[in-house]
Amino acid sequence: MTNITKSGALNAFKKINDKNLNVNLLTLNSIKNIDVKDKNVTVDVVLPVPPAAVTDELKSKFAESLQTNLGISENVTVNIETKVTSHKDAKKEQLLPGVKNTIAVASGKGGVGKSTVAVNLAVALARDGAKVGLIDADIYGPSIPLMLGVNEKPKIYQHPKSAKMIPLENYGVKLMSIGFLVDDNNPVIWRGPMASGAVKQFMTDVEWEELDYLIFDLPPGTGDIQLTLVQTIPLTGAVIVTTPQEVSLVDARKGLKMFNRVNVPVLGIVENMSYFIAPDTGKKYDIFGIGGGSKLAEELEVPFLGGIPIDSRIRIGGDSGTPMAFDNPDTDYAKTMQNIARQVATEINLRNLNDNNVEIILSDD
Ligand SMILES: Nc1ncnc2c1ncn2[C@@H]1O[C@H](COP(=O)(O)OP(=O)(O)OP(=O)(O)O)[C@@H](O)[C@H]1O
Ligand SMILES: [Mg+2]
């Protein structure tokens, strides 16, 4: 009878070539069980990929890799369960105990498309089957209510000891924004400490329950307020949004430095308004220059997550509360967003696996 060890199976799985699977996400700990009975081999695998990535094609690739690489002639069934890994951080456990990972979306400069990226990143992760929350940490210019078409007062849930706000929800994303709480006609004059206090309350006084990813849309810039915020929020990592031109890149560099100062890893750079495709001719125009974001990523040694075109449908989607990543999943833009979201998820899970040192603490079989 065939004898398969976990490390043998792991080595075979590492040879899989699939766009939805970064083989570095596979560790001995991913292989939960191997069962050989009569002419049937069953392997149970747990992967930190979104549920949507587990297609029948991927499952067949797992089975085939065992047959080909280990010379197994029995019927092979590979069951794949998905589970996002958790960032281990004492402050996070205290403030956000049910939240596995937190992501800041930031930019050095205003108006580069941070909120657009934050919203579509959240929606894209949720579409892939992750449990996602989004906090509008831009106290001064909240845009989540408009961009996700939600503007109600959150309900209060009365615990025996304390009251908590129930986040609103749309497109499968749980939401909290100062815009839900303040009156549009009576703008609040926020001072720095109040802004970070409000964001802290969005963490502790909201019933987030279990989340794989909680995304924070930060206010633009790298001043004291932003620095206080990134020190207040227990962050797993940050995504920096830039546009291709030089002024914006200088600001993006400042953003990266700010995260370095507080030891928050930058998960990658998104270049927004990368190019424009004329709808009538299909011709591509590089309005703000070419390749600034990818050059910056290379220079700063962080991943380049992708470039998003200028497209009036993106603005219209934002203004009408219908994010592109949800409404037109087959457009190139939505696919780009989905790809960015998967890279962010992969980057986080790779870091968590590394931090947890799973390979070292586990023995074979
Ligand atoms: N790729 C794009 N194509 C077309 N319009 C876009 C694109 N990205 C963003 N926009 C539009 O540009 C405006 C600014 O975008 P957004 O609000 O996301 O930027 P921001 O960086 O969050 O701004 P702020 O610094 O004010 O918070 C919005 O109206 C948005 O819909
Ligand atoms: Mg914004």
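Residues numbered from 1 in each chain as written. Chains lettered and ligands numbered in written order. Predicted model: local features only at pLDDT ≥ 70, side-chain atom pairs only at ≥ 80, totals over all residues.

Each helix and strand in the chain was counted, giving 13 helices and 14 strands. Here the C-alpha radius of gyration of the chain, 22 Å, is about what a compact globule of 365 residues would show, namely 21 Å. Looking at the chain as a whole, 45% of its 365 residues qualify as buried. Counting only contacts in the chain whose residues sit at least 6 apart along the sequence, the fraction spanning at least 24 positions is 76%. (Helix = DSSP H or I, 4+ residues; strand = E, 2+ residues; numbered from the N terminus. Rg over C-alpha atoms; globule rule 2.2 N^0.38 Å. Buried ≥ 20, exposed ≤ 12 C-beta atoms within 10 Å, placed from the backbone. Contact = placed C-beta atoms within 7 Å.)

Now for the domain arrangement of the chain. Frequently, the measure chosen for interface size is the accessible area removed from exposure when the parts meet. The domains assigned to the chain are domain 1 (6–83) and domain 2 (90–354). Counting from both sides, the interface comprises nine residues of domain 1 and, opposite them, nine residues of domain 2. Along the lines of polarity and charge, the residues of the side of domain 1 that touches domain 2 split into six nonpolar, three polar and no charged. (Domains from an automatic or database assignment. Nonpolar A, V, L, I, M, F, W, Y, C, P; charged D, E, K, R; others polar.)

All right, on to the nonpolar core then. Core analysis: the biggest nonpolar cluster contains 81 residues, and V105, L121, A122 and I215 have the highest contact counts within it. By residue number, the principal contributor to this core is helix α4 (residues 114–127), which donates nine residues. By size, the runner-up hydrophobic cluster in this structure holds 17 residues, among which are I4, F13, L21 and L26. (Core = buried A, V, L, I, M, F, W, Y, C linked by C-beta atoms within 7 Å.)

This part is about the site of ligand 1. In the region of ligand 1, 20 residues are neighbours, and G110, G113, S115, T116 and G318 sit closest. Taken together, the residues of the shell around ligand 1 break down into six nonpolar, ten polar and four charged. (Near = placed C-beta within 6 Å.)

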